[in-house]
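Structure at a glance
So the chains spell out like this:
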Amino acid sequence: MKTKVLMVCLGNICRSPLAEGILKSKVGSKMVFVDSAGTAGYHVGNPPDQRSIAIAQKYGLDISTQKCRRFSEVDFQEFDYIYAMDRSNFSNIIKLANSKEDEKKVKLLLDEVDLGINEVPDPYYGGTDGFEKVYEMVDLACDAIAKKLELNGRG
Ligand code: 4NP
């Protein structure tokens, strides 16, 4: 059985597509399935934001074929770990949980690392430097997740 990891932000076009692409690049696809979703439905069916595609490309990752989808309560059955980019995403996910077991699957992504902050800032309304910062923090968190999965023999 694969371990299934879901990355979640608000729009599923900026932060979580990067998190999906970055974690995929660090784990074996035979052992780990990685996906992403948004708590809002504004951009469903769209590819990631051009600025996320560009920053990923800068680091050698192609996320351009991803398609935005909305988080749904079915995801609690499908996934083992659900990572929220910020507290607002976290509480919107928790609102859809049907059990304590569902709730236990949800974590803030940056709780996996010690960066002094625990939210990935929303870069949507800012400049490209915001996307660079997002990339760097998500990359560190995904290193920690990949290491943890590896230690559990699931990387
Ligand atoms: P994301 O960024 O949650 O990292 O994908 C956003 C994308 C779109 C919007 C807000 C945040 N929006 O308001 O459309």
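It should be noted that the structure appears before, not after, this text.
Residues numbered from 1 in each chain as written. Predicted model: local features only at pLDDT ≥ 70, side-chain atom pairs only at ≥ 80, totals over all residues. Heavy atoms only, no water.

Bringing the pairing of strand β3 (residues 81-84) into the picture now. Across four bridges, strand β1 (residues 3-9) lies against β3 in parallel orientation. Among the inter-strand pairings, Val5 is bridged to a residue of β3, identified as Tyr81. Two strands pair when backbone bridges link them, and β3 and strand β4 (residues 106-108) are joined in this way by three bridges, in the parallel orientation. Pairing of Ile82 across the sheet is with Val106, part of β4. (Pairing = 2+ DSSP bridges. Helix = DSSP H or I, 4+ residues; strand = E, 2+ residues; numbered from the N terminus.)

Attention shifts here to the sheet that holds strand β2 (residues 32-38). Pairing is parallel in the open sheet, where four strands are placed in the order β2-β1-β3-β4. The outermost strands of the open sheet, each flanked by one partner alone, are β2 and β4. Neighbour to neighbour, the strand axes of the sheet diverge by 25 degrees on average, direction disregarded. Along the sheet face, helix α1 (residues 15-26) touches β1 and β2 and points at about 155 degrees away from the line of β1. Taken strand by strand, helix α4 (residues 87-94) contacts β1, β3 and β4, and its axis lies near 175 degrees from that of β4. (Axes fitted to C-alpha atoms, helices over the stretch in contact; angles between N-to-C directions. Contact = heavy atoms within 4.5 Å.)

Turning our attention to the site of the ligand. Close to the ligand lie Cys9, Leu10, Gly11, Asn12, Ile13, Cys14, Arg15, Tyr42, His43, Asp122, Tyr124 and Tyr125. Here Cys14 contributes a backbone N or O atom positioned 2.9 Å from an oxygen atom of the ligand. Compared with its free state, where it exposes 350 Å², the ligand has 93% of that area covered by protein. Per-class residue counts for the shell around the ligand are seven nonpolar, three polar and two charged. (Near = heavy atom within 4 Å. Polar contact = N/O pair within 3.5 Å; in protein donor to acceptor, adjacent residues only side chain to side chain. Areas by Shrake-Rupley, 256 points an atom, 1.4 Å probe, with all protein chains shown as cover. Nonpolar A, V, L, I, M, F, W, Y, C, P; charged D, E, K, R; others polar.)

Attention shifts here to the packing of aromatic side chains. A complete count under the given rule lists four aromatic pairs for this structure. Plain terms: the ring middles of Tyr59 and Tyr135 are 4.1 Å apart, the flat faces sit at 10 degrees to each other, and that makes the pair stacked. Highlighted residues: Tyr59 in the loop between α2 (50-58) and α3 (75-78) and Tyr135 in helix α6 (residues 128-151), separated in sequence by 76 residues. Assessed through its relative accessible area of 36%, Tyr59 is described here as partly exposed. Residue Tyr135 is classed as buried on the basis of its relative accessible area, which comes to 5%. Look at Phe71 and Phe76: their rings are 5.5 Å apart centre to centre, the planes differ by 90 degrees, and that puts the pair in the edge-to-face class. (Phe/Tyr/Trp six-rings, centres within 6.5 Å; stacked < 30°, edge-to-face > 60°. Buried < 20%, exposed > 50% of the residue type's maximum accessible area, 1.4 Å probe, protein only.)

Shape is all these values report; function is a separate question.
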